[in-house]
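Structural characterization, general
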Amino acid sequence: MFFRRKKNKRPKGQPEQRAHYRSELGSNHSLEITLEPPDRSLIPAELVNLTVRGAGVRVPAETATGLEGDDVLEVCISSKRDRWTIKTPAVVRQVNEERGHLSCGIEFINLGNLYSQMEDALGRYFNRRAHLRVHPHFDRPDSVTLSSMGNKMMGTVYDLTTHGLGIVLSHVEAAPLKLETEARVSLQLGRKKAVLDGPTVIRHRRKLSMGELVGVEFDLEHESGFGQHQKLLGEYCAKREREMAAWDSSFEGDAA
């Protein structure tokens, strides 16, 4: 199968899309992954996390020369223990240099192709529950305080699920943040401005014209963290989803 490198084109005015939050696989999983760019030999990689939309991989620096964001390639994921293999096209969305290796985020670009290869043995590795992701009222932005590695900064909520949120920060404030590091988030949510506070992990970063979008995943296991706020978060997300649906419907009615 032949793929050529292409740039990710986004229609003007359409917001940046976020990757789904991913769960770490743990050290005892049996999955293996290789990346195959169109003009290079196979690149062995370590599979770090996986969802039905993409994966996080770690690649030794000496074998990853030339691997860049927006590269299109074929991904092969297999399990010797369960005796299955899938191959699917993907695009490299993030590349971060770390000691001795590159940490990459890849997004699958043909979900129909991927679904057709799924079996029960494979499906258990994917976080297939879709967490409801909503945007706050843009005329009433919800504020967030994020603290990580001795740095404290203020931002606003970009989007939110019961398992994490996207935070818009200035480019300057976001500069010292590192992926996969712990952070503490204090969030004021909704009209009542209820304060939610707890530990999180920084999962991704993406530059926007208005600043930088930082995605954090809540540590739901922490006894005094966001696990105790799941009911409130769920109610808020459901309410915002209804409001957003009603807003969309009003435009459809006007068009009719």
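Before reading on, note that the structure itself is shown above.
Notes on the structure follow. For every chain, the first residue of the written sequence is number 1, and numbering continues from 1 onward in sequence order. Totals for whole chains, interfaces and linings use every residue, but because this is a predicted model, local features are given only for residues with pLDDT of at least 70 and side-chain atom pairs only at 80 or more, for both listing and counting. In computing side-chain values, all of the structure's heavy atoms are included and hydrogens and water are not.

Categorising residues by exposure relies on relative accessible area from a 1.4 Å probe, with only protein chains included: less than 20% of the type maximum marks a residue as buried, more than 50% marks it as exposed, and the intermediate range marks it as partly exposed. Runs of E in the DSSP output that reach at least two residues are strands. Runs of H or I that reach at least four are helices, and both are numbered from the N terminus. Residue alternation in strand β2 (residues 31-36) divides its side chains into a buried set, L31, I33 and L35, and an unburied set, E32, T34 and E36. Strand pairing is defined by DSSP finding a minimum of two bridges between the two strands. Bridging between β2 and strand β5 (residues 72-79) involves six bridges; their strand directions are antiparallel. Note on β5: the bridge partner recorded for I33 is I77. In this sheet, strand β3 (residues 43-50) lies alongside β2 in antiparallel orientation, the contact comprising three bridges. Bridged to I33 within β3 is A45. Where β2 folds back on β3, the antiparallel hairpin that results is connected by six residues.

Further remarks concern unusual backbone geometry. In this model, M149 sits at a positive phi of 50 degrees, which is unusual for a non-glycine residue. Relative to the helices and strands, M149 resides in the loop between β8 (143-148) and β9 (151-160). Judged by its relative accessible area of 56%, M149 is exposed. At E180, a position not held by glycine, the phi torsion is positive, near 65 degrees.

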